[in-house]
Amino acid sequence: GAGVSQSPSNKVTEKGKDVELRCDPISGHTALYWYRQSLGQGLEFLIYFQGNSAPDKSGLPSDRFSAERTGGSVSTLTIQRTQQEDSAVYLCASRSRQGVTEAFFGQGTRLTVV
Amino acid sequence: AQSVTQLGSHVSVSEGALVLLRCNYSSSVPPYLFWYVQYPNQGLQLLLKYTTGATLVKGINGFEAEFKKSETSFHLTKPSAHMSDAAEYFCAVSPLGGSQGNLIFGKGTKLSVKP
């Protein structure tokens with residue numbers, strides 16, 4: 001695709017429910033990142049995928065959070081048993097292997113846990 | 001571990017005044033450095049990046065940044081602020097460059113421009 005696509009753009013869920021957030025990276029980009037943006041907290045790194053290597057999960061805040069990337073392309077971030085503090089904008093970015101490049105961001109998914 | 005510190009979560013300047021947004025990083029080797037901008041209700045877009053070569057980097061909208069290895073800094077400047085520059089600015093570091101490394105962001109600096 002032309003850019004990084006995230007869906008849904010907005011999600012309202014009840015506390016305790018599971019949610020899945022989807023990211024379609026730019027075609028051919030081998031690196032994919034998930035970040036969480038909360039008010040006053042900047043961009044909090046969650047997880048990083050690079051090609052077929054094991055993902056860097058060091059930023060996941062708890063075991064309720066998980067992510068996978070199928071076929072080296074689409075990624076899904078899953079939050080189980082959502083809590084109110086999970087409310088934030090979840091951003092996905094992708095990056096090319098070719099040369100030194102910047103990451104391209106999607107528009108994000110705004111998650112509200114009520 | 002890599003880290004990025006942006007001094008000042010909020011900066012306010014008058015229109016026409018100098019903009020200076022500070023960014024310091026911690027890294028055992030010179031990293032690649034980026035500045036991103038996020039306008040209200042929009043996604044992040046790249047302003048400029050430092051990889052190798054010239055340490056003074058020019059970006060879009062009249063912004064520039066200088067990589068100073070001795071100070072581990074990559075401050076963002078613009079000689080004359082415009083109302084349209086009001087946004088949140090994020091500094092980021094990539095330890096290995098390319099797609100080989102993680103991309104760590106600072107907490108951001110919100111820039112306000114007064115008329």
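Here is a short report on the structure shown in this document. (Residues numbered from 1 in each chain as written. Chains lettered and ligands numbered in written order. Predicted model: local features only at pLDDT ≥ 70, side-chain atom pairs only at ≥ 80, totals over all residues. Heavy atoms only, no water.)

A few points about the overall build of chain B
- From N to C terminus, chain B includes 0 helices and 12 strands.
- Written out in order from the N terminus, the α and β elements of chain B read β-β-β-β-β-β-β-β-β-β-β-β.
- The globule rule puts the C-alpha radius of gyration for 115 residues at 13 Å, and the 14 Å found for chain B is close to it.
- Principal axes of the C-alpha set define a box for chain B whose edges measure 40 × 30 × 20 Å.
- Buried residues in chain B amount to 48% of all 115 residues.
- In chain B, of all internal contacts separated by at least 6 residues, the share reaching a separation of at least 24 is 57%. (Helix = DSSP H or I, 4+ residues; strand = E, 2+ residues; numbered from the N terminus. Rg over C-alpha atoms; globule rule 2.2 N^0.38 Å. Buried < 20%, exposed > 50% of the residue type's maximum accessible area, 1.4 Å probe, protein only. Contact = heavy atoms within 4.5 Å.)

Some remarks on the overall build of chain A
- In terms of regular secondary structure, chain A is built from 0 helices and 10 strands.
- Counting from the amino terminus, helix and strand elements in chain A follow one another as β-β-β-β-β-β-β-β-β-β.
- On the principal axes, the C-alpha backbone points of chain A span a range of 40 × 25 × 25 Å.
- A burial count over chain A gives 51% of its 114 residues as buried.

Re the nonpolar core
- Tyr35 and Phe105 of chain A together with Trp35, Leu48, Leu76, Tyr89 and Phe105 of chain B are the most contacted members of the largest nonpolar core, which has 47 residues in total.
- Phe49, Phe65, Leu77 and Ile79 of chain A belong to the second-largest nonpolar core, a separate cluster that totals 20 residues. (Core = buried A, V, L, I, M, F, W, Y, C linked by side-chain atoms within 4.5 Å.)

A short note on the interface of chain A and chain B
- Taken together, the contact between chain A and chain B spans 24 residues of the former and 24 residues of the latter.
- Of the roughly 1800 Å² buried between chain A and chain B, counting both surfaces, carbon and sulfur atoms make up 51%.
- Connecting chain A to chain B are 1 salt bridge.
- Across the salt bridge formed by Lys49 of chain B and Glu102 of chain A, the nearest N and O atoms sit 3.1 Å from each other.
- Put simply, chain A and chain B have 7 residue pairs in polar contact (both at pLDDT 80 or more) between them.
- Taken together, the elements giving at least two residues each to the side of chain A that touches chain B come down to strand 4 (31-38), strand 5 (42-50) and strand 8 (88-95) of chain A. (Buried area = accessible area lost by both parts, 1.4 Å probe. Salt bridge = Lys/Arg side-chain N within 4 Å of Asp/Glu carboxyl O. Polar contact = N/O pair within 3.5 Å; in protein donor to acceptor, adjacent residues only side chain to side chain.)

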